[in-house]
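Results of the structural survey
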Amino acid sequence: MDYTADDVLRVARRHRNEKRSYLLVNPLQGKHLPVAPGRALAMMKALGEKVAAAQPAARLVIGFAETATAIGAVVANALAPSCLYLQTTREKLGQGEPSIDFLEEHSHAPEQRLALAALEAQLSETDTVVFVDDELSTGRTLANIVEQLQRALPALGEKKLVAASLLNRLTAEDTERLRAHGVECIALVKLAPADYETQAAGFMTRAAADCRVPSRRYPYRTIALGAHATPRTGVAIRDYGILWQGAGLVLADRLAWAKHESILVLGTEECMLPGLLVGRVLEQKGWENVFFHATTRSPIGISDAAGYPIEAGWQIRSFYEAARATYIYNLRPYHHAVIVSDTECEADEAVESLARALRESGCTDIVYLMSRDE
């Protein structure tokens, strides 16, 4: 399938972000808007196939948090089962884990870090390093991190570097800047120049409803999985996929839900691919109305205006840091919800907060599928 801007682009207004007033929302990506898992994975696979056709020998993929964590993993899987997948993270890494810290300047949560040990070890196994993001806007963040990585890892200077994205709106000058850093670009959709600031400013928006403190107890069931390797420090992509597909099979075997009933699978912040794979297993097992999206750290304005993508929103507690607020958008009255998380924290209050948002949107049956990083 050939994807166009009409397929993958909606414009929303960020809530009280002075760095950038707009957000490009992809309705097929499974971040801010619910989508059938198979449709999201198909779009990501289409980008992966473009990368594999251009750089078939690449064996190291780095995905950018939080929005591109699943995209990067699917791109890695399209290259080879042995491909190492590593994601940047806004979470703390283990004590003593060497990393590079950098800033995504326009983001609401700009601080990110990239673990170095697995990256350095894999450099001898690949001639190409692929960086994956949902959107390339100016390329400055990527240029900065490439500079930092080349200083820390001189061997990177001998590798081909590729920036793969679903959306590319780089100017000719931006593209040349990346090329000067040795980075070539591959995109699923190249966007024409547009004034997104003005488009976003045309909408009157309001804040998300505050559900950080549950008003009462909201019952849910917990299914605990074992510890697993994490892409925050690097995983062989085949093993990671097998683990979470297996989790989907464990879940499917325990469900007595009617095949026609609607199911929402929810990821938490950077934890996106696990929920997508669980949701895809449920689709394959015959459930007819499965949807996926994820909580996010991005505050987005809510509006009832025609054509505006974010119609409802709830502010909830983070699964990863007690004091952090996160958000979930466009919930609907699903029959069932499955929360999929890889948090290291005791997340009872976060589950209660998200359960409140789900209950207020009309979903009364909630399952928490919990796993921990090794």
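Values in this document were obtained by computation on a predicted structure and should not be read as measured data.

1. Observations regarding the sheet that holds strand 3 (residues 60–63)
- Overall, mixed pairing links the six strands, which are arranged 9-8-7-3-4-12 in an open sheet. The sheet is open, and its two edges are formed by strand 9 (183–190) and strand 12 (235–236), each paired on a single side.
- Bridging between strand 7 (residues 128–136) and strand 8 (residues 160–168) involves eight bridges; their strand directions are parallel. Across the sheet, residue F131 finds its bridge partner in strand 8, namely A163.

2. Here's the deal with the environment of L28
- Relative to the helices and strands, L28 resides in the loop between strand 2 (22–25) and helix 2 (37–54).
- By relative accessible area, which is 6% here, L28 ends up buried.
- The spacing of L28 and I300 is 272 residues in sequence and 18 Å in space, taken between C-alpha atoms.

3. Things to note about the sheet that holds strand 15 (residues 313–317)
- With respect to topology, three strands assemble into an open sheet ordered 10-15-16, the strand pairing being mixed. Two strands bound the open sheet, and with one partner strand each, they are strand 10 (209–210) and strand 16 (325–329).
- By the bridge criterion, five bridges tie strand 15 to strand 16 in an arrangement that is antiparallel. For I316, the partnering residue across the bridge sits in strand 16 and is T326.
- Those strands touched by helix 10 (residues 348–360) are strand 10, strand 15 and strand 16, and its axis lies near 165° from that of strand 15.

Procedures and definitions
Residues numbered from 1 in each chain as written. Predicted model: local features only at pLDDT ≥ 70, side-chain atom pairs only at ≥ 80, totals over all residues. Heavy atoms only, no water. Pairing = 2+ DSSP bridges. Helix = DSSP H or I, 4+ residues; strand = E, 2+ residues; numbered from the N terminus. Buried < 20%, exposed > 50% of the residue type's maximum accessible area, 1.4 Å probe, protein only. Contact = heavy atoms within 4.5 Å. Axes fitted to C-alpha atoms, helices over the stretch in contact; angles between N-to-C directions.

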